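What follows is each chain in one-letter form.
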Amino acid sequence: METFPPEVFEINDFKAWRNVVISVTSYALGLFMIAKAPWYLLPLAWAWTGTAITGFFVIGHDCAHKSFSRNKLVEDIVGTIAFMPLIYPYEPWRFKHDRHHAKTNMLGEDTAWHPVVRDEWNKFPKFLKKALEWGIGPLRPWASIGHWLLWHFDINKYRPSERPRVKVSLAAVFAFIALGWPLIIYKTGIVGWMKYWLVPWLGYHFWMSTFTMVHHTAPHIPFKDASNWNGAEAQLGGTVHCDYPRWIEILCHDISVHIPHHISQKIPSYNLRMAHNSLQQNWGKYLNEAKWNWRLMKTIMTECHIYDTEHNYASFDNGSQDQSRVIRMLRRVMPPITT
């Protein structure tokens, strides 16, 4: 942290609200494209709109890390509002996300993404194994939906001191459901609700899941138990910087520039590239950098399943006891890794 230039920590109100304008404008443009596009161009309109609304999450993400504004009440309000159309309870996510930063890639403790532990896998009933093969295999780009459901709506998962804030966030989300959904359905019908909200929401979860797994998953990046875990190694060497097409990085406010964010969560999203340049100059040999493509996705989705003490990861179909038709099918369907 001491090697970062001091300006990477500076909050700039203009840049913060510029990101809000970019997200609101690009999302509104996406809804307009959905309304006007012929059916054969709808997938492009949905892809744009789902990516645009991911920017709402990144704005809330900055608010949760206290890097959006010097006014903490403003951050709580903006963060809560930004998460509402995503049906994401802001405070529950913030509490659990803080634990991800404190325990990044720690076996049994990281709350963002975690490999299946072999001893637990062997005890799972057959139906659960099959569900995991699908969830961590072909459906992995939407696995954040399961994480969203399991972690963020059960008030008993939170300490008594956290529960009042959790209740406010839950109330905000349910208010959007109670008011926003009926309004969309009243104006456009059930098909319109699917067209204008559900499909872009699935697009958002594609990026939520993709960013999460790419940021911390690679065959050479280990999860470690508490006795062998080192915070500096996990944050610097256990986090991946990934380059995406530039329009995605703009709409998602550089969330993919992720290593400096794990060094310090106080760096605003608009300063992450400056911080990453500093890391490249001072700590380059420790950095994991990649370019997003389907070969990268195939490696993660077909190889990185079960925690393995020797090789970091084993796949569901790496041996006779782990045969998986689902993963074999995925290997055949996705582009070859070697080309």
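Residues numbered from 1 in each chain as written. Predicted model: local features only at pLDDT ≥ 70, side-chain atom pairs only at ≥ 80, totals over all residues. Heavy atoms only, no water.

Novice: Describe the sheet that holds strand 5 (residues 312–314), listing the residues and the values that go with them.
Specialist: Overall, mixed pairing links the three strands, which are arranged 1-4-5 in an open sheet. Here the strands that pair on one side only, and so sit at the sheet edges, are strand 1 (116–117) and strand 5. In terms of strand pairing, strand 4 (residues 306–308) meets strand 5 through three bridges, oriented antiparallel. Within the sheet, the bridge partner assigned to Asp308 lies in strand 5 and is Asn312. (Pairing = 2+ DSSP bridges. Helix = DSSP H or I, 4+ residues; strand = E, 2+ residues; numbered from the N terminus.)

Novice: Please provide a residue-by-residue account of the packing of helix 6 (residues 126–135) against helix 14 (residues 325–333), values included.
Specialist: The relative placement of two packed helices is expressed as an angle between their axes plus a distance between the axes. Helix 14 packs onto helix 6 with a crossing angle of 15° between their chain directions and a minimal axis gap of 9 Å. Considered as vectors, helix 6 and helix 14 are oriented roughly parallel to each other. Crossing of helix 6 over helix 14 shows right-handed handedness. Along the contact surface, helix 6 presents Lys130, Glu133 and Trp134, while helix 14 presents Val326, Ile327 and Met329. In terms of residue class, the contact of helix 6 with helix 14 is built from four nonpolar, no polar and two charged. (Axes fitted to C-alpha atoms, helices over the stretch in contact; angles between N-to-C directions. Parallel < 35°, antiparallel > 145°, perpendicular 65-115°, else oblique. Left-handed = near helix turned anticlockwise from the far one by under 90°. Contact = heavy atoms within 4.5 Å. Nonpolar A, V, L, I, M, F, W, Y, C, P; charged D, E, K, R; others polar.)

Novice: Account for the nonpolar core, naming residues and giving values.
Specialist: Within the largest apolar cluster, 48 residues are counted, with the highest numbers of intra-cluster contacts made by Phe57, Tyr88, Tyr204, Val214, Tyr244 and Trp292. At the level of secondary structure, the elements contributing two or more residues to this core comprise helix 1 (13–36), helix 2 (42–64), helix 3 (72–83), helix 4 (90–102), helix 7 (144–152), helix 8 (163–216) and helix 13 (294–303). At twelve residues, helix 8 tops the list of elements feeding residues into this core. Counting residues in each nonpolar core, the second largest holds 13 residues, with Leu107, Tyr307, Phe316 and Ile327 among its members. (Core = buried A, V, L, I, M, F, W, Y, C linked by side-chain atoms within 4.5 Å. Buried < 20%, exposed > 50% of the residue type's maximum accessible area, 1.4 Å probe, protein only.)

Novice: Can you break down the packing of aromatic side chains residue by residue, with the values?
Specialist: Counting across every chain of the model gives 32 aromatic pairs. Between the aromatic rings of Phe4 and Phe9, the centroid separation amounts to 6.1 Å while the plane-to-plane angle is 75°, which identifies the pairing as edge-to-face. Owing to a relative accessible area of 28%, Phe9 belongs among the partly exposed residues under this scheme. Look at Trp207 and Trp292: their rings are 5.4 Å apart centre to centre, the planes differ by 55°, and that puts the pair in the tilted class. Of the two residues, Trp207 is situated in helix 8 and Trp292 in the loop between strand 3 (288–291) and helix 13; the sequence distance between them amounts to 85 residues. (Phe/Tyr/Trp six-rings, centres within 6.5 Å; stacked < 30°, edge-to-face > 60°.)

Novice: Explain the environment of Leu330 to me, and be specific about the residues and the numbers.
Specialist: Relative to the helices and strands, Leu330 is located in helix 14. You can call Leu330 buried: its relative accessible area is 6%. A sequence separation of 214 residues divides Leu330 from Val116, and the C-alpha atoms of the two residues are 19 Å apart. Other than its neighbours up to four places away in sequence, Leu330 contacts Gly137, Pro138, Met301 and Thr302.

Novice: Which residues make up the pattern of salt bridges, and what values go with them?
Specialist: A complete count under the given rule lists 15 salt bridges for this structure. In this structure, the salt-bridge partner of Asp76 is Arg165, at a minimum N-O distance of 2.7 Å. Separated by 89 residues along the polypeptide, Asp76 in helix 3 and Arg165 in helix 8 bring together distant segments of the chain. Classification of Asp76 by relative accessible area gives buried; the value is 16%. Take Arg165: its relative accessible area is 34%, and that puts it in the partly exposed class. A single network of salt bridges, built from pairs that share partners, joins Lys66, Asp76, Glu91, Arg94 and Arg165. (Salt bridge = Lys/Arg side-chain N within 4 Å of Asp/Glu carboxyl O.)

Novice: Which residues make up helix 13, and what values do they have?
Specialist: By the criterion of burial, helix 13 is predominantly enclosed, with seven of the ten residues buried. Residues Leu296, Met297, Lys298, Thr299, Ile300, Met301 and Thr302 constitute the buried set of helix 13. In this structure, the buried side of helix 13 is in contact with helix 8, strand 2 (240–243), strand 3 and helix 14. Between the side-chain oxygen of the N-cap and the backbone nitrogen of Arg295 there are 3.1 Å, and the N-cap of helix 13 in question is Asn293. (Polar contact = N/O pair within 3.5 Å; in protein donor to acceptor, adjacent residues only side chain to side chain.)

So, to be careful, I would describe these as geometric facts and stop short of saying anything about function.
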